[in-house]
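# Observations on chain architecture
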Amino acid sequence: MSEHYDVIIIGTGAGGGTLAYRLAPSGKKILVLERGGYLPREPENWDSKEVFLKSRYVTNERWFDKHGQQFRPHAQYFVGGNTKFYGSILFRFRERDFGEIRHHGGVSPAWPLSYADLEPYYAEAERIYLVHGRAGEDPTEAPRSGPFPYPEVSHEPRIQEIHDDLVRAGHSPFHLPVGIDLDESDPEQGRCVRCDKFDGFPCLTDGKADSHVCAIRPALQHENVTLLTHSKVERLETDSSGRTVTRVVVDRGGFEESYTGDLVVVSCGGVNSAALLLRSASAQHPNGLANSSDQVGRNYMAHLNSAIIAISQTPNDTRFQKTLGINDFYSGADDFDFPLGHIQTLGKTDRNILKGGAPWFAPGLALDYLAKHAIDFWLTTEDIPLPENRVTVGRDGSIHLAKTYVNTEPHRRLLGKLKELLGPMGCHTTAIPRWSVLGQQIPIAGIAHNCGTVRFGDDPATSALDVNCRAHDVDNLYVVDTSFFPSSSAVNPALTAMANALRVGDHLLDRLGVSLEAALREQIPTETQEVMA
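The structure displayed is predicted, hence computed values, not measured ones.

## As for the nonpolar core
Counting 113 residues, the largest nonpolar core has Ile10, Leu33, Tyr129, Leu236 and Leu477 as the members making the most contacts within it. By residue number, the principal contributor to this core is helix H11 (residues 494-511), which donates 10 residues. In contact with leucine 33, other than residues within four places in its own chain, are Ile8, Ile9, Ile10, Gly11, Leu228, Ser231, Val233, Val248, Val250 and Tyr259. Leu166, Leu340, Ile343 and Met425 belong to the second largest nonpolar core, which has 21 residues in total.

## Concerning the packing of aromatic side chains
Summed over all chains, the structure comprises 20 aromatic pairs. Relative to phenylalanine 85, the ring of tyrosine 57 has its centre 5.7 Å away and its plane inclined at 45°; by these criteria the two rings are tilted. Of this pair, tyrosine 57 sits in the loop between helix H2 (48-53) and strand S3 (63-64) while phenylalanine 85 sits in the loop between strand S4 (70-71) and strand S5 (101-103), placing them 28 residues apart in sequence. On the basis of an interplanar angle of 85° and a centroid distance of 5.6 Å, the ring pair of tryptophan 111 and phenylalanine 456 is categorised as edge-to-face. Pair noted here: tryptophan 111 is in the loop between strand S6 (106-108) and helix H3 (115-128) and phenylalanine 456 is in the loop between helix H10 (437-441) and strand S21 (477-479), with a separation of 345 residues, a long-range link. As far as the burial class goes, tryptophan 111 and phenylalanine 456 line up, both buried. Here a set of aromatic residues connected by ring pairs shows up, and it is made of Phe93, Phe98, Trp111, Tyr115, Tyr122, Phe456, Phe484 and Phe485. Positioned above the aromatic ring of tyrosine 77, the side-chain terminus of arginine 35 is 3.7 Å from the ring centre. The ring centre of phenylalanine 148 lies 3.8 Å from the NZ or CZ of arginine 144, which sits over that ring.

## Quick notes on the pattern of salt bridges
Tallying each qualifying case throughout the model produces 39 salt bridges. Between aspartate 206 and arginine 41 there is a salt bridge, and its shortest N-O distance comes to 3.7 Å. Taken together, the positions of aspartate 206 in the loop between strand S9 (178-179) and helix H5 (211-220) and arginine 41 in the loop between strand S2 (30-33) and H2 put the pair 165 residues apart, joining distant regions of the chain. Among the charged side chains, a salt-bridge network with shared partners connects Arg92, Glu119, Glu126, Glu141 and Arg144.

## As for the packing of helix H1 (residues 14-23) against H5
Running from N to C, H1 and H5 point in directions that differ by 35°, and their axes come no closer than 8 Å. In this structure, H1 crosses over H5, and the sense of that crossing is left-handed. Facing H1, whose interface residues are Ala14, Gly17, Thr18, Ala20 and Tyr21, H5 presents Ser211, Cys214, Ala215, Ile216, Pro218 and Ala219. Grouping the amino acids of the contact of H1 with H5 by side-chain chemistry returns eight nonpolar, three polar and no charged.

The rules behind these values
- Sequence order sets the numbering: in each chain, residues are counted from 1 along the sequence as written.
- Whole-chain, interface and lining totals are the exception, using all residues; otherwise, since this is a predicted model, local features are given only for residues with pLDDT of at least 70 and side-chain atom pairs are given and counted only at 80 or more.
- Processing note: side-chain calculations cover all non-hydrogen atoms of the structure and skip hydrogens and water entirely.
- To define a nonpolar core, start from buried Ala, Val, Leu, Ile, Met, Phe, Trp, Tyr and Cys residues and group those joined through side-chain atoms within 4.5 Å.
- Burial classes: relative accessible area under 20% of the type maximum marks a residue as buried, over 50% as exposed, and values in between as partly exposed (1.4 Å probe, protein chains only).
- To qualify as a helix, a DSSP run of H or I must reach at least 4 residues; to qualify as a strand, a run of E must reach at least 2; elements of each kind are numbered from the N terminus.
- Working rule for contacts: check all heavy atoms of both residues, and any pair within 4.5 Å makes them a contact.
- Within 6.5 Å between ring centres, the rings of Phe, Tyr and Trp (the latter by its six-membered ring) count as paired, and their orientation is classed by plane angle as stacked under 30 degrees, edge-to-face over 60, tilted in between.
- Counting as a charge over the ring demands two things of the Lys NZ or Arg CZ atom: a distance within 6 Å of the ring centre and an angle within 35 degrees of the ring normal.
- By salt bridge we mean one thing: a side-chain nitrogen of Lys or Arg within 4 Å of a carboxyl oxygen of Asp or Glu.
- An axis is simply a line fitted to the C-alpha atoms; with a helix, the fit covers only the stretch in contact. Between two such axes, the angle follows the N-to-C directions and lies from 0 to 180 degrees.
- By definition, turning the near helix anticlockwise from the far helix through less than a right angle yields a left-handed crossing, and turning it clockwise yields a right-handed one.
- Here the nonpolar group is Ala, Val, Leu, Ile, Met, Phe, Trp, Tyr, Cys and Pro; Asp, Glu, Lys and Arg are the charged ones; every other residue, Gly included, is treated as polar.

Geometric descriptors of this kind do not, in isolation, establish any biological role.
This is how it looks when you write it as structure tokens:
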């Protein structure tokens, strides 16, 4: 007989993990299901050869592109989801990102809520995820109700030089908002050791503010919360009316189990959440669960991303490089009327990261020289939601991902803007694509920042979810990962997923009849968590 819960949350990433954190103090019986296990804490966590060359932590599953060709998605299935590997850059969306925006390649639709609706939740998410930053530096920054909860992470000398060079050239560089357990004023405090194995690596010291460390761990300190690992949800079943999910069917270590819950929340990621709903088709929902709008799986977005190496004329001895951002071209440029996007520094390249995609004949000394002089940049241009860019599932349940990018001209121009900055930054005037596994796999397999496949909106004919992220078609079904995004913006999406999970969590607490104030009094602050094995 199935065990019954008040709430079942599927997934432990930015959305699901944060929701579990919000609901945990309620006293309600909560089940959290994670298809993976705990990521092992081992020396290989910080071994670039293991992480980048051998893809030690990347799933072995295969998806199919629009031509039917197999590829290996750059997805990691562990407690904490992809936040175990993300760069922990936690931006708020710009205020204008919530309205309709016309791009060179199409239109990003308006959201059914405003920045002001999310602002208090952004502020709370920044506290939970230990976000460091300095308000007022970024010219595109939206209004804030208060300062960042933690001071900005300082630039190391070579990055500070770049910052100063950009200011002299008339630009407005700023400190990136980084989620990190770091106290530069007291070396005895904080778990971060400010290493060069941050961006794309799991953190061996738990210094990165991921959803496992900051959300799932404190949630599990409440006896009413249960986490089951190695539990992949295969399908959701409804009652005869199709309006209520009555059974969550799970493959747990090769054995089928099922659970029931008053409320069911899907948070499997932009591709897998859509795939789960589509695999849950039934007589009541022939096109997939909660898909009377035919929007589930459609409008897949993943940003136009490029990893670029600038070659410094002097050695770059920076270890923690991910501290500098440029949004001067976010809304356009003097010679272009459409938005271009965002530029930020990446984690520091080493020989193994370069070797991941270098020609086989590239000499080791050349790779060593490049690594020592490399300054790594990440360029992001907003993706456009198109219905033909979509997730579908085969008869065998396999995932098919059709994707074509259309907003490519602004991205090409953004790269041109970066090249124009190389001289003022003390770099050679030629940049090269960063040789790395991730760089080679863009756009299909590099699924970082994927979103949009179960969009929310006011109209059930054009959206799958309502403004509270509840399915229009199913009364007790919610989706809280980045699937709900109607547009992608051009900044990292994680903080918006976290803030929205807190917002939806408040709605669910109200639906469960729990006082928000009482629940918050029972909340365990992130900064006072006990480090648990």
